[in-house]
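Residue-level listing of the chains:
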Amino acid sequence: MSIRKSVLAAALAAAAFVTGFAGAAQAETFRLAHHHAVGGQVDIAAKKFAEVAKEYSNGEITIQVFPGAQLGQEREALDLVNQGAIDISITSTPILDKLFPPMAVTSAPGVFKGWEHAREVYKGEFGQGLIAGVRESSDIEILGFIHLGFRDLMFAGDAPLTLADMQGKRMRSPENFVWIRMFELMGARPTPVTWGEVYTAMQTGVAEGFDTSAAAAIDMKFNEVSKSLLKTQHMFGSMLFAMNENKFAALSPEKQEIMRKVAADTGDYVDLEVNIPAENAAYGKLESLGVKIVEPSNPQEWRDVVAPLNKEIADRNPGADKFIEMLTVN
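Residues numbered from 1 in each chain as written. Predicted model: local features only at pLDDT ≥ 70, side-chain atom pairs only at ≥ 80, totals over all residues. Heavy atoms only, no water.

Quick word on the overall build of the protein chain
- Helix and strand counts for the protein chain stand at 13 helices and 9 strands.
- Here the protein chain has a C-alpha radius of gyration of 21 Å; the compact-globule value for 330 residues is 20 Å, and the two agree.
- Counting only C-alpha atoms, the protein chain reaches 75 × 40 × 30 Å along its principal axes.
- Residues classed as buried in the protein chain amount to 51% of the 330 residues present.
- Approximately 14600 Å² of the protein chain is accessible, and the part contributed by carbon and sulfur atoms is 52%.
- Each charge class in the protein chain was averaged separately, 31 positive and 42 negative side chains, and the resulting centres sit 3 Å apart. (Helix = DSSP H or I, 4+ residues; strand = E, 2+ residues; numbered from the N terminus. Rg over C-alpha atoms; globule rule 2.2 N^0.38 Å. Buried < 20%, exposed > 50% of the residue type's maximum accessible area, 1.4 Å probe, protein only. Areas by Shrake-Rupley, 256 points an atom, 1.4 Å probe, with all protein chains shown as cover. Lys, Arg positive; Asp, Glu negative; His and termini not counted. Charge placed at Lys NZ, Arg CZ, Asp CG, Glu CD.)

Dropping the structure here:
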């Protein structure tokens, strides 16, 4: 905050105290960054968040949206939120496993049984436990979650229908143990590439394939660099609104509650009105764009080969076992 704004804020606070209105309204402006394409699922979520924040706060909270990695790629933006250089980012849940190891569970294969199950557990003890854990181990406050849906595999050439055909394929992976290990178990060669560079990696042959939700593939125009999609639905992708904890704590209790409600209502809107319909329509749209949609010859072999990963996640990440249990008993 500038010296001029600091002086003005102090003067307003003093005036409010003198007149007995210590809780007088004060405008707040926050920068929200994300790394997805303009107009895509995540950008829609960001703009809705800004719209709802303005509405719920009667114009006292302004959210400035910076899409397309303008303020850094995904991990960079999250680090800047943790440092307080950016106010809010929309970040994939597993990216936070370096801050709170049990977050790795959110990308565990085969544990989410559908949209309804995922939304229910994130709103319950599972989601609240993740929020509390991140708060205690970092300078980040999770305001709420949004969900992108189930992830499939896309390829530059023909999709492998069996695990035998998957051997040795260069698969784009985030710099995350779960993805790296998953592709190793499938017999592929994981190749770490940040999300914003997937298109180029596929275009240049650095990677032969990658995993994504079908709707995100359309947002990112991956149909231009992919020939096929293998419908594995091996993971359920979720993201979160991460806010710098110190900036959140500086808000009045009323505005803190507003920010939480903004995130919750934005999440419901994006899930129910945008992402679920988008997932249902995405496969047909990808086909119309020239992407061949196929299914594994034996879906069970794909599930079986990655099943040991859940125990590995629990073993590598202290405290993760109880979160996996929450998912498997619901």
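Some thoughts on helix α6 (residues 177-185)
- For α6, every residue scored as buried is listed here: Val178, Trp179, Met182, Phe183 and Leu185. Around the axis of α6, the buried residues are gathered within 155° of arc, so they sit on the same side.
- Gly187 sits one or two positions beyond α6 and adopts a positive phi of about 90°. (Arc of directions from axis to C-beta.)

Here we look at helix α5 (residues 125-137)
- Across its 13 residues, α5 extends 18 Å between first and last C-alpha, which sits within 8% of the 18 Å expected from 1.5 Å per residue.
- Those residues of α5 lying buried are Phe126, Gly127, Leu130, Ile131, Gly133 and Val134. The buried residues of α5 occupy an angular sector of 165° when the element is viewed end-on, so they sit on one face. In α5, those exposed residues whose orientation departs by more than 90 degrees from the buried face are Glu125 and Glu136.
- Turning to α5, the residues buried within the fold contact α4 (115-123), β4 (140-155) and α13 (320-329). (Expected span 1.5 Å × (residues − 1). Contact = heavy atoms within 4.5 Å.)

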